[in-house]
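Structural features, examined
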Protein chains: 2
Amino acid sequence: MATRTDAPTRREQILKEAARLFAERGFHGVGVDEIGAAVGISGPGLYRHFAGKDAMLAELLVGISDSLLTGAKRRLAEADGVAGSDTGPEAVLDSLIEGHIDFALDDRPLITLHDRELDRLRDADRKMVRQLQRQYVELWVGVLRQVYPAVPEPSARSAVHSVFGLLNSTPHLGRPGSLPGRAVTAALLHRMARGAFAAVAAE
Amino acid sequence: MATRTDAPTRREQILKEAARLFAERGFHGVGVDEIGAAVGISGPGLYRHFAGKDAMLAELLVGISDSLLTGAKRRLAEADGVAGSDTGPEAVLDSLIEGHIDFALDDRPLITLHDRELDRLRDADRKMVRQLQRQYVELWVGVLRQVYPAVPEPSARSAVHSVFGLLNSTPHLGRPGSLPGRAVTAALLHRMARGAFAAVAAE
DNA sequence: CAGGGCGGTTAGCGGTCGTTAACCTGAGGG
DNA sequence: CCCTCAGGTTAACGACCGCTAACCGCCCTG
């Protein structure tokens, strides 16, 4: 696994700043001049890197959804592990939760965007993002139903969406610094997510 | 308690449609002409009822925050009930959860707006909404700490924000109709919220 | 029956926004 | 040493948007 030490490319700077601005003020609330200014170039210079404002949002949203799904698939595969010595479904669920929490804590603007600006995408992009999101949800539903086989599928799906709401609440927890420390927050969120799931199963 | 049978006033129609549109496409994504069209009048006719587009958003957000807080205060007072025969804190917590769920299920667009478009308000309005929201949170925190006295205050506050995230996830649960029925959904959310809170307390 | 105001209408103004056009500059390669 | 081209710049255009101006008809009241 190669850790990246190289400086971020211009495209990456732009995407990062655009994500922050879109999350703060909404897609329509940010002008291309502001995005340019945030990376030290001005307005139309962005068009050397992106086809338009829409393209930036599209790349951000597809990127998020894809990386969430990819991460989840990897965790699922790792847990299935070497044949025979397979980890329990509880551990897989914990791993999924941990991954989602890492994402929510480390990429707050993206988490904010990803359920807020979806409708601003062109049809093709929106369809792709929706499909990735759906796959991600279904992956969680599958694991959840291995842990709690008694829970019917519609309830499991609702529960997963609700726990996403819980985990994605990090942007409302105050600026990072007023928090009691990242690890503590992560542990708290993890426990709450497990508690919420357990309550679904409890008759 | 008088049930209102009268037809909704023009102002109320406008507010309702504006809330729906703002929630769907974002404050900046909706034009005044669209809002007008949604109530059968056109564009500038709105200015007979509101000072401007901002004023509609302000009235919506202040209204939501205020009605949430007022409802919560009422429930708290009812629970304290007749002197001496006071309901347990668990029941109060359940009542708060129930009230919030009713709101999230019945006024989805407002729930969406209320944590999404706050920054589009004028300073004075935003300050007022923030204050109402803070009071609402602190009321929950107080009740939660009566139920689980061992939970330190910062954790309780984070937990409350997270459970709001959980309860406010209803807009992601698909259109009302794909849901397994309102009562079932409400019960599920209620159980999950209690489960999440319980998990905070469990060491 | 006069008149006033409530609740509409259309036209249009001023500003902003996304995007394009035209131009410039500095570094790398034949 | 020139040519190219990636990555900028500023100017400007066309569309759109929030809001105001000016006007109008209906209903209610004195």
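All figures in this text were calculated on a predicted structure; none of them were measured in a lab. (Residues numbered from 1 in each chain as written. Chains lettered and ligands numbered in written order. Predicted model: local features only at pLDDT ≥ 70, side-chain atom pairs only at ≥ 80, totals over all residues. Heavy atoms only, no water.)

1. Structural notes on the relation of the copies chain B and chain A
The line we're drawing: Our superposition of the copies is a least-squares fit, built on the C-alpha atoms of residues whose pLDDT is at least 70 in both. When checking whether two residues touch, look at their non-hydrogen atoms; a contact exists if any pair is within 4.5 Å.
Once chain B is rotated about the relating axis by 180 degrees and shifted along it by 0.0 Å, it coincides with chain A to within an RMSD of 0.0 Å. Such a combination of rotation and displacement between the chain copies is what one expects of a two-fold axis. Most of the interface of chain B is mirrored in chain A, where 100% of its interface residues again form contacts.

2. A few points about the interface of chain B and chain A
Under the convention used in this document: Summed over both partners, the accessible area lost on bringing two parts together, with a 1.4 Å probe, is the buried area. A pairing counts as a salt bridge when a side-chain nitrogen of Lys or Arg comes within 4 Å of a carboxyl oxygen of Asp or Glu. For this analysis, a polar contact is any N or O atom pair within 3.5 Å, provided that within protein one partner can donate a hydrogen and the other can accept it, and provided that sequence-adjacent residues contribute only side-chain to side-chain pairs.
With 29 residues of chain B in contact, the opposing surface of chain A contributes 29 residues. Summed over both partners, the interface of chain B with chain A comes to about 2,600 Å²; 61% of that surface belongs to carbon and sulfur atoms. Inspection of the chain B/chain A interface yields zero salt bridges. For the pair chain B and chain A, the interface holds 12 residue pairs in polar contact (both at pLDDT 80 or more).

3. Here we look at the protein's contact with DNA strand D
Here is the rule: Near residues are defined by distance, with any heavy atom within 4 Å of the molecule or strand qualifying the residue. Gly falls in the polar group here, along with every residue not listed as nonpolar (Ala, Val, Leu, Ile, Met, Phe, Trp, Tyr, Cys, Pro) or charged (Asp, Glu, Lys, Arg).
In the region of DNA strand D, 15 residues are neighbours, and Arg-10, Arg-48 and His-49 of chain A together with Tyr-47 and Lys-53 of chain B sit closest. Of what DNA strand D places within 4 Å of the protein, 52% of the atoms are sugar or phosphate. At 2.6 Å, a side-chain N or O of Arg-10 of chain A approaches a phosphate oxygen of DNA strand D. For the surface near DNA strand D, a count of residues per class yields six nonpolar, five polar and four charged.

4. Re the UniProt feature "DNA-binding region" (unreviewed entry) in chain A
Convention followed: UniProt positions are given in the numbering used here, feature names are shortened, and annotations may be inferred rather than shown by experiment. By definition, any uninterrupted DSSP run of H or I lasting at least four residues is a helix, any uninterrupted run of E lasting at least two residues is a strand, and each is numbered from the N terminus.
In this structure's numbering, the residues bearing the UniProt feature "DNA-binding region" (unreviewed entry) are residues 31–50 of chain A. Secondary structure across residues 31–50 of chain A comprises 35% helix and 0% strand; the distance between its end C-alpha atoms is 14 Å.

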